[in-house]
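Coordinate analysis (summary)
Listed below are the residues making up each chain.
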Amino acid sequence: MSFVSTPTSTLNPWMQILAALEKKVNRQSFDTWLKPTRYSHVAGRILYVRIPTEEFQHIGDKYSDLVGEAIDNLKLEVDDVVFVTQEEDPSQPPARKDGGFPPVPSHAASAPQQSNQNHRYSDHVNPGARRNGHPVEQQGRFDWSSAAQLNPRYTFDNFVIGNGNQFARAASLAVAERPSRAYNPLFLYGGVGMGKTHLMHAIGHEVKRRQPIYNICYVSAEKFTNEMINSLRNDRMTSFRDRFRGVDVLLIDDIQFIAQKERTQEEFFHTFNALHESMKQIVIASDRPPKELAEIEDRLRSRFEWGLIADIQPPDLETKVAILQKKAESEQSVLPTDVALFIASNVRTNVRELEGALVRLIAWCNMNNMEITLQATQQCLKQFIDTQVRKITIEAIQKAVAENFAMRVSELKQRNNSRAVVVPRQIAMYLAKHLTEASLPEIGRQFGGKHHTTVMHSIAKIDEQRRADKDLNRTVNKLQEILNG
Ligand SMILES: Nc1ncnc2c1ncn2[C@@H]1O[C@H](COP(=O)(O)OP(=O)(O)OP(=O)(O)O)[C@@H](O)[C@H]1O
């Protein structure tokens, strides 16, 4: 079906131009970049066209020839087309900053065909077109609130609290509840995949929930840099500055990216000052504390320390289990506790890896039509876990087990069959099987020359007892954690 089926002469000038462009631009580009645009108004002989975000500015360059050609062919009384975001649109009152759908400009509303056209236009938005992983507009309108780039899954509700993150989470919530009055800036730092981005988005959602009119912007430092470079190149620095200095909450991620980028630092310095002076909230995330951002100039670094600095430490075992179970729940899967414990104690890196292991497991079990059991998990994640644990040696296991049970390593190798020795030995053999690539005979050799069937029996015993005996299970998990570093 054609984009416009009514006679084009009854349409506003931008709709007429779009109707012409539709025949010349490939479908996907048209749906992605041109359909979300809106006629705003004509002033003098300048046609103003609304774009959802600054990202759409490039269409001015990309389609300038085609637009010019359409204007000539249609004999429109237009000399220039200017693409404006909501903030830049001279026809819009600045008050409406909620990211909601823009009101029809008053002069346009008086034209009877306008609302009708908007409606027709909306109906034709391609539901298959995607932006940032979300359908651009299932309901027929561009989702202006997604312009804040917030992931709907990253909310406070979905964030699992643990010892390592509770301070950062509390600080984030305080900021979301009282933007610019609790801590400004809030500086979050922590290792890869620790939940910094999640907390930033959660702040965005919570502010939006409490203050729907607030203008929130989440941006990575890399995107900030790229947009600045583009704006410099296209002589659009004023609109770039207005955009970032006009927000109520700026959430800027991975600030370490601007290290050694002098021009970006300069620009961000002014953005920071403008926002701070006008009591707007700034939240910054980084992989390290301000003091360690050696290649960021002092005046910026010191500003990062003006408010509150909160770090996120790696999650402990219990938090990892809770994260896994929450994630499984959101995938409508049931994760038995022994499975969650197994994954949590074997995946030692970050939460993203943890989630990766779970997603892989769920997909694998679905594909093979299997239930999620400990056995299935061990099979499915074997390779994944092996790569994480390949450096663990049997000696290291024996040492860790001996220390845990306050005994000597040599005792694990002797022919002593008292229970005080047998259980630690069995645990050590079990760990050797799961955390190293050693064969059963090899394990037997390293435990004073035990037969491989003894090793096999030990492993089976611990496997079974882990399920019934919580204390023993906790000990095994703790040892795995220690060995995994
Ligand atoms: N405490 C938590 N509760 C629930 N999910 C979490 C938690 N911490 C991290 N995650 C999840 O882990 C994944 C990675 O988190 P996120 O992207 O926020 O990490 P990050 O610290 O920003 O990492 P990077 O430095 O790589 O950008 C996300 O899917 C996030 O939802």
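Parameters at a glance
Residues numbered from 1 in each chain as written. Predicted model: local features only at pLDDT ≥ 70, side-chain atom pairs only at ≥ 80, totals over all residues. Heavy atoms only, no water. Helix = DSSP H or I, 4+ residues; strand = E, 2+ residues; numbered from the N terminus. Buried < 20%, exposed > 50% of the residue type's maximum accessible area, 1.4 Å probe, protein only. Areas by Shrake-Rupley, 256 points an atom, 1.4 Å probe, with all protein chains shown as cover. Near = heavy atom within 4 Å. Polar contact = N/O pair within 3.5 Å; in protein donor to acceptor, adjacent residues only side chain to side chain. 1 Å grid on protein atoms, 1.4 Å probe; cavity = no way out; pocket = protein on both sides within 12 Å on 5 of 7 lines; lining within 4 Å. Sits in = over half its atoms within 2 Å of the grid points. Phe/Tyr/Trp six-rings, centres within 6.5 Å; stacked < 30°, edge-to-face > 60°. Lys NZ or Arg CZ within 6 Å of the ring centre and 35° of its normal. Pairing = 2+ DSSP bridges. Core = buried A, V, L, I, M, F, W, Y, C linked by side-chain atoms within 4.5 Å. Contact = heavy atoms within 4.5 Å. Salt bridge = Lys/Arg side-chain N within 4 Å of Asp/Glu carboxyl O. Expected span 1.5 Å × (residues − 1). Points joined across faces, edges and corners; volume = space filled by probe spheres on them. Nonpolar A, V, L, I, M, F, W, Y, C, P; charged D, E, K, R; others polar. Axes fitted to C-alpha atoms, helices over the stretch in contact; angles between N-to-C directions. Parallel < 35°, antiparallel > 145°, perpendicular 65-115°, else oblique. Left-handed = near helix turned anticlockwise from the far one by under 90°.

1. With respect to the overall build of the chain
In terms of helices and strands, the chain carries 23 helices and ten strands. Within the span of the chain, comprising 485 residues, buried residues form 52% of the whole. If you sum the accessible surface of the chain, you get close to 23300 Å²; carbon and sulfur atoms cover 49% of it.

2. A look at the site of the ligand
G193, K196, T197, H198 and E355 are the nearest of the 17 residues found near the ligand. Note that an oxygen atom of the ligand is positioned 2.8 Å from one of the side-chain N or O atoms of K196. H198 places a polar side-chain atom, nitrogen or oxygen, 2.7 Å from an oxygen atom of the ligand. In isolation the ligand exposes 630 Å². Once the protein is present, 91% of that is buried. Taking a 2 Å distance to the grid points as the criterion, the majority of the atoms of the ligand fall inside the largest pocket. Secondary structure elements with two or more residues in the shell around the ligand: helix 8 (196-210) and helix 15 (351-367).

3. A few points about the environment of R50
Mapped onto the elements, R50 comes out in strand 2 (residues 46-50). In the structure, R50 is positioned 35 residues away from T85 in sequence and 5.6 Å away in space, judged by C-alpha atoms.

4. Focus on the packing of aromatic side chains
Tallied over the entire structure, the rule returns ten aromatic pairs. The interplanar angle of 70° and the centroid separation of 6.4 Å between the aromatic rings of F268 and F272 together place this pair among those described as edge-to-face. With F268 and F272 both in helix 11 (residues 262-277) and four residues apart, the pair spans about one turn of that helix. No difference in accessibility class separates F268 from F272, as the two residues are buried. When the ring centre of F257 is taken as reference, the NZ or CZ atom of K261 above it lies at 4.0 Å.

5. Comments concerning the pairing of strand 7 (residues 216-220)
Here strand 7 lies mainly inside the structure; four of its five residues are buried. Pairing geometry for strand 7 and strand 8 (residues 249-253), over five bridges, is parallel. Counted as the bridge partner of V219 is I252 from strand 8.

6. Observations regarding the nonpolar core
Nonpolar side chains tend toward joint burial in soluble globular proteins. I397, I427, L431 and I443 are the most contacted members of the largest nonpolar core, which has 28 residues in total. Those elements that provide at least two residues to this core are helix 18 (394-404), helix 20 (419-435), helix 21 (440-446), helix 22 (452-468) and helix 23 (470-484). If one sorts the elements of this core by residue count, helix 20 sits on top with nine residues. Ignoring sequence-local partners within four residues, the contact set of I397 consists of I392, A428, L431, A432, L435, T436 and L483.

7. Overview of the pattern of salt bridges
In this structure the tally under the stated criterion is 20 salt bridges. Two residues, E206 and R210, come together in a salt bridge whose shortest N-O distance is 2.8 Å. Linking E206 with R210, this pair stays in helix 8, spanning four residues, or about one helical turn. For E206, a relative accessible area of 13% corresponds to the buried category. We classify R210 as partly exposed; its relative accessible area is 38%. Notably, a salt bridge pairs E267 with R263, separated by 3.3 Å at the nearest N-O pair. Of this pair, E267 and R263 both sit in helix 11, four residues apart, which is roughly one turn of that helix.

8. Structural notes on helix 8
With 15 residues, helix 8 ought to run about 21 Å at 1.5 Å a step, and its terminal C-alpha atoms sit 21 Å apart, in line with that. Residues of helix 8 that are buried include every one of K196, H198, L199, M200, H201, A202, I203, G204, E206 and V207, and no others.

9. A short note on the layout of surface pockets
Put simply, the largest pocket is a space of about 660 Å³. In this structure, the largest pocket is lined by 29 residues; those nearest its centre are Y154, G195, H198, V351 and E355. The set of elements that each furnish at least two residues to the lining of the largest pocket consists of helix 8, helix 13 (317-330) and helix 15. Among the residues making up the lining of the largest pocket, the classes are represented as nine nonpolar, eleven polar and nine charged. Approximately 360 Å³ is the volume attributed to the second largest pocket. Taken together, 21 residues line the second largest pocket, and the ones lying closest to its centre are G60, D80, V81, V82 and F83. Those elements that place two or more of their residues in the lining of the second largest pocket are helix 3 (58-62), helix 4 (64-74) and strand 3 (80-84). Among the residues making up the lining of the second largest pocket, the classes are represented as nine nonpolar, five polar and seven charged.

10. A closer look at the sheet that holds strand 3
As summarised here, the arrangement of the three strands in space is 1-2-3, forming an open sheet in which the pairing is mixed. The open sheet has two edge strands with one neighbour each: strand 1 (38-43) and strand 3. Here the strands of the sheet are splayed against their neighbours by 25° on average, with no regard to which way each runs. Where strand 1 meets strand 2, five bridges bridge the pair, whose relative direction is antiparallel. Bridge pairing links R38 to R50 in strand 2.

11. Overview of the sheet that holds strand 7
The strand order across the open sheet built from five strands is 7-8-9-6-10, with neighbouring strands paired in parallel fashion. Either end of the sheet is taken by a strand with one partner, and the two such strands are strand 7 and strand 10 (308-312). Adjacent strand axes in the sheet meet at a mean angle of 15°, parallel and antiparallel pairs treated alike. Pairing of strand 6 (residues 186-190) with strand 9 (residues 281-286) involves four bridges; the strand directions are parallel.

12. Some remarks on the packing of helix 14 (residues 337-346) against helix 15
Interhelical geometry of helix 14 versus helix 15 gives an angle of 135° and a closest axis separation of 10 Å. Judged by the inter-axis angle, helix 14 sits oblique to helix 15. Helix 15 is crossed by helix 14, and the crossing has right-handed handedness. Judged by residue contacts, V339, I343 and A344 of helix 14 engage L354, A357 and L361 from helix 15. When the residues that make up the contact of helix 14 with helix 15 are grouped by side-chain class, the tally is six nonpolar, no polar and no charged.

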